Every structure is written in C-alpha cells, then in structure tokens.
Amino acid sequence: MTTIENFGNSAASKGYRAFGSVLTAMVTPFDRHGGLDEFGAEKLAAWLTQDGWNDGVVVNGTTGESVTTSDREKIVMIESAKRALERRGKKVIAGVGAGDTRHSVAMAEAAAAHGADGLLVVAPYYSRPTQAGILQHFRAIADSTPLPVMLYDHPGRTGVALEPDTLAAAAEHPRIIAVKDAKGDLEASSWVMRRTYLSYYSGDDALNLPLLSIGAVGMVSVVGHLVGDRLRSLLDHYSNGRIGEALALHRELLPVCRGMFRAPAAASVKAALKSLGLPAGPVRSPLVDLDQHETQALLADMTSTGVLAPLPA
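Residues numbered from 1 in each chain as written. Predicted model: local features only at pLDDT ≥ 70, side-chain atom pairs only at ≥ 80, totals over all residues. Heavy atoms only, no water.

What follows is about the environment of glutamate 172. Here glutamate 172 lies in the loop between α7 (164-170) and β6 (176-181). Using a relative accessible area of 64% as the deciding quantity, one classes glutamate 172 as exposed. Along the backbone, glutamate 172 and leucine 299 are 127 residues apart, and their C-alpha atoms lie at a distance of 45 Å. (Helix = DSSP H or I, 4+ residues; strand = E, 2+ residues; numbered from the N terminus. Buried < 20%, exposed > 50% of the residue type's maximum accessible area, 1.4 Å probe, protein only.)

For an α-helix the count is 3.6 residues per turn, leaving residues at separations of three or four pointing the same way. A rise of 1.5 Å per residue sets the reference length of helix α13 (residues 292-304), with its 13 residues, at 18 Å; its end C-alpha atoms lie 18 Å apart and thus fit the reference within 8%. Of all the positions in α13, only Leu298, Leu299, Asp301 and Met302 are classed as buried. Around the axis of α13, the buried residues are gathered within 155° of arc, so they sit on the same side. Along α13, the residues that are exposed and aim more than 90 degrees away from the buried face are Gln292 and His293. The inward-facing, buried residues of α13 abut α10 (224-239), α11 (243-261) and α12 (265-275). At the N-terminal boundary of α13, the capping side chain belongs to aspartate 291, with an oxygen 3.2 Å from the backbone nitrogen of histidine 293. The first or second residue beyond α13 is glycine 306, which carries a positive phi of 85°. (Expected span 1.5 Å × (residues − 1). Arc of directions from axis to C-beta. Contact = heavy atoms within 4.5 Å. Polar contact = N/O pair within 3.5 Å; in protein donor to acceptor, adjacent residues only side chain to side chain.)

UniProt's entry tags Thr62 and Tyr126 with the feature "site: Part of a proton relay during catalysis" (unreviewed entry), counted in the numbering of this structure. The greatest C-alpha distance among the residues just named is 14.4 Å, despite their covering 65 residues of sequence, which places them together in space. The class for threonine 62 is partly exposed, based on a relative accessible area of 35%. The residues contacting threonine 62, other than those within four sequence positions of it, are Tyr152 and Arg157. Under the relative-accessibility criterion, tyrosine 126 is labelled exposed at 78%. (UniProt positions renumbered as here; feature names shortened; annotations may be inferred.)

Moving on, we come to the packing of aromatic side chains. The description of two aromatic rings rests on the distance between their centres and on the angle between their planes. What the rule picks out here adds up to 2 aromatic pairs. With centroids separated by 6.3 Å and ring planes inclined at 85°, the aromatic side chains of phenylalanine 19 and tyrosine 201 adopt a geometry described as edge-to-face. Placement of the pair is phenylalanine 19 in helix α1 (residues 13-19) and tyrosine 201 in strand β7 (residues 199-202), with a sequence separation of 182 residues. Directly above the ring of tyrosine 152 sits lysine 180, whose terminal nitrogen or CZ lies 4.1 Å from the centroid. (Phe/Tyr/Trp six-rings, centres within 6.5 Å; stacked < 30°, edge-to-face > 60°. Lys NZ or Arg CZ within 6 Å of the ring centre and 35° of its normal.)

Met26, Leu119, Leu151, Leu226 and Met302 are the most contacted members of the largest nonpolar core, which totals 83 residues. Top element by residues in this core is α12. It accounts for 7 residues. Each residue touching methionine 26, except ones within four places of it in the same chain, is listed here: Ala41, Leu44, Ala45, Leu48, Val57, Val58, Val59, Thr63, Gly64, Met77 and His225. If you look at the next biggest cluster of nonpolar residues, it comprises 16 residues, including Ala25, Val58, Val122 and Ala178. (Core = buried A, V, L, I, M, F, W, Y, C linked by side-chain atoms within 4.5 Å.)

Here's what the structure looks like:
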C-alpha cells in the first residue's frame, strides 16, 4: 500500500511535507498565578515531540485558550515552542484566529517574524460572515506571509461551516494547502477531497480513523497530549494496510477521547497533564478547572486507556 510519505509530488503531499502527519493542539501552560509559563511551554513542546510522538505542535489555538492570551503572549508561545523543536526538525504551527481580518493578518505577520512554520486559520467567529467574506478573510491572511496555511473548519465554535465551494476556491491559493476538519460531515469532506488537492487532517479525535479512511493524511489532536505514540501507530497501521490493528487502536482510544471532551478540552488536558507531572497550570476565566468529580472521571478514562496505571484496590 502507498504510504503518506510516498505520495511523491502529488499536491496532497504538500500538507505532509509542510506540517507532518501527527500534530497536537497544545495547551498554553500558566503558572499558579495565571501568568504565562514560558519555560513550561518549552518543556511541554519538547515532551510532545519526543521520538515516535508528534511531528509538531499547534500553539495559540482553541485548546491553547487563545481568546484569553495577549498578542505578546502568543509570540512568546511561538518562540518557546520554536526553541524546543527547531533543532529537531519539528514544526510549530501558529493559530491566528480572530473575528477581525486585520487582527488575524497582524498575528500572521508576527507569527512569521517569530519563527512559526505554518498558520492555522479558522473562520472569523461570532460575526458569522457570508462564504464570500470568509474566502476574502482566508485570502488576505494567506497573502500576508510566505507561510503555508491550514484552514480550520469547526462550525460548532465559529457559528459558520466552510462550504465545499468555498474550500475549493480557497484551494486555488498557492499557500492554502490543508484543512483541519472538525465539522463531522464525512460526505462534505469527501467531496472537497475529490475536487481539490487539499491535505485533510482530522480535528476530531473520535473520527481520526474514519477521516483517514476517506483520504485524510493525519490529525491535529487533543488526545495527542497523552497518546501521541499511539496516534502515530494508528496512522502507520492504516497507511500500511493493517486495518484491523488500526481499528483496534481506534477502539482502545475511545475512552480518552470521550474524557478529553466531557468538559472544555483545555481544562481536561490541563488536569490530565497535572496528573502526569507535566506543565499545565490553571485555565483562565471564563473557563474553570475541573472539579474533583470531573477529575476522577477523567482519570478513570485515562486508566482504562492505559495512560495511567490502575489505582490500587
């Protein structure tokens, strides 16, 4: 079977070459006072990209609580991750989502200036623009830097879905090369992959395997904070025709996928990282940290997935 690495010069390989295949949407570590933990961010980025885990990290995205961090803090996150990953050839993708095109363009330019390897661009949120407005927004950001762009299709957060015609038009831009798909519409995604050479990445961990089955090249994960090595194995199994083994891993990971999204993902991930002794800290308001009951439910999911050892009887 042809593996992702052997896609050759096909346009679908652009995303793999630019971003890799397994990425984690990284939390933003804070200290106990709620300030940015710069050194914790560097340590966490290095841990997430240990051998056999992630090809890179996405910083300043939704799981990174980007709506609560300042533009300066976003730059520090890029710089911290870059210090950890640059010499190892791993990628730092910067989220530049905003409800204002001018602000997104400014963040994109700052990301490029401070070492980001690519951009993650979500549809403008809250204002719910038309498809023409969304396309104009994407093109303006893609025009603003030389960095490759991954679009983020998540109508549950933005209030507006990216229509197949919009994605097909966006794909005509030479730097718009990939989509993080969290729409949950496999038929619509299949049509876009039929019509374009956009590289698709799963943005919904419970649908990683189904999206691979219709042509996705990888995933931008939340559970990759905990099981990046198993996501790598799932992808390798699928790419090499070991479908039964990929399916077994998919089913094995379902509890931790459920656990990560029972509460807002940033809060769940931070609770999980704390249990492993990794940098995390609290979440910022309006999010709240998990309470004791929620934490115990998450730890049970982690244990059933093998992330934590079973508790003593």
